[in-house]
Amino acid sequence: MLDGLYEVVSMSDRKVEEVPETGLTFVENALIKARNASEQSGLPALADDSGIVVDALSGEPGIYSARYAGNHGDDEANTQKLLDEMQGVADGDRSARFWCAIVFVEHANDPTPIIIQRGWEGEILRKKVGENGFGYDPIFYVPTHSCASAELAPEIKNTLSHRGRALIALLKELKAC
């Protein structure tokens, strides 16, 4: 989504080592990652922390979404664990939202980082549907489009999703600076 607007350099291109996400919120984790990337690269940095928040599970998996089932990034296990946890939850009580916090810092010690947060409301399905996307997309029902997130074309998802909307808001903020 930034292609053509800004020159984006990946962490791997700059050999930036990942830092543990020790924050207790999406914002704290995004800020930790942005400051780390800026410190190691010497460049301004953009980082996000995202996850799914399920009301019936008191907000779980939340900031632990990528490692909900134990191993970081195991989408299949994470999705299955969430489905298992939601087995006894009635259809009207399956509300959830994807949440994204994006942080931009000019430098590692930036005292005024730009922080944008956006959510994407939906519900947890009872089984996986669709082939697009990743993570929890196959079990996240999007009421406005009557389908799972994994059934949306990428360009449509980018206009609806928590991350896409947060990035659009960040771009507006950066242009205003």
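What comes next is a walk through the structure. (Residues numbered from 1 in each chain as written. Predicted model: local features only at pLDDT ≥ 70, side-chain atom pairs only at ≥ 80, totals over all residues. Heavy atoms only, no water.)

## Here we look at the sheet that holds strand 3 (residues 114-124)
Taken in spatial order, the five strands make up an open sheet running 1-2-3-4-5, and their pairing is antiparallel. Each having just a single partner strand, strand 1 (45-54) and strand 5 (147-148) make up the two edges of the open sheet. Sheet topology places strand 4 (residues 140-142) next to strand 5; two bridges connect them, and they run antiparallel. Paired with Y141 across the bridge in strand 5 is A148. Sitting on the sheet, helix 1 (residues 26-41) touches strand 1, strand 2 (95-105) and strand 3, and the angle it makes with strand 1 is about 155°. (Pairing = 2+ DSSP bridges. Helix = DSSP H or I, 4+ residues; strand = E, 2+ residues; numbered from the N terminus. Contact = heavy atoms within 4.5 Å. Axes fitted to C-alpha atoms, helices over the stretch in contact; angles between N-to-C directions.)

## Observations concerning the nonpolar core
The tendency in soluble globular proteins is for nonpolar side chains to be buried side by side. Grouped together as the largest cluster of nonpolar side chains are 19 residues, with contacts concentrated most on I52, V54, L82 and I124. Going through the elements one at a time, strand 1, helix 2 (75-85), strand 2, strand 3 and strand 4 are the ones with two or more residues in this core. Setting aside residues up to four positions removed in sequence, I124 forms contacts with I52, V54, L82, M86, R94, A96 and I139. The next biggest cluster of nonpolar side chains, apart from the first, holds 13 residues, and it includes A30, A34, A45 and V103. (Core = buried A, V, L, I, M, F, W, Y, C linked by side-chain atoms within 4.5 Å. Buried < 20%, exposed > 50% of the residue type's maximum accessible area, 1.4 Å probe, protein only.)

## Some words on the pattern of salt bridges
This model, assessed by the stated rule, comprises nine salt bridges. With its nearest N and O atoms 3.0 Å apart, the salt bridge here joins R97 to D55. Placement of R97 in strand 2 and of D55 in the loop between strand 1 and helix 2 is noted, with a sequence separation of 42 residues between them. Classification of D55 as partly exposed rests on a relative accessible area of 38%. Of the charged contacts, one joins K128 and E76 as a salt bridge, the two residues approaching to 2.7 Å between their closest N and O atoms. Residue K128 is found in the loop between strand 3 and strand 4, and its partner E76 is found in helix 2; the two are separated by 52 residues along the sequence. For K128, a relative accessible area of 40% translates into the label partly exposed. Here E76 falls in the partly exposed class, since its relative accessible area comes to 47%. By sharing partners, the salt bridges in this structure join E21, K33, D49 and R67 into a single network. (Salt bridge = Lys/Arg side-chain N within 4 Å of Asp/Glu carboxyl O.)

## Description of unusual backbone geometry
P61 follows E60 through a cis peptide bond whose omega is -5°. For P61, the position within the fold is in the loop between strand 1 and helix 2. Of note in this structure, S58 is not a glycine but carries a positive phi near 55°. A positive phi angle is found at S146, which is not glycine, with a value near 50°. Locating S146 in the fold gives a position in the loop between strand 4 and strand 5.

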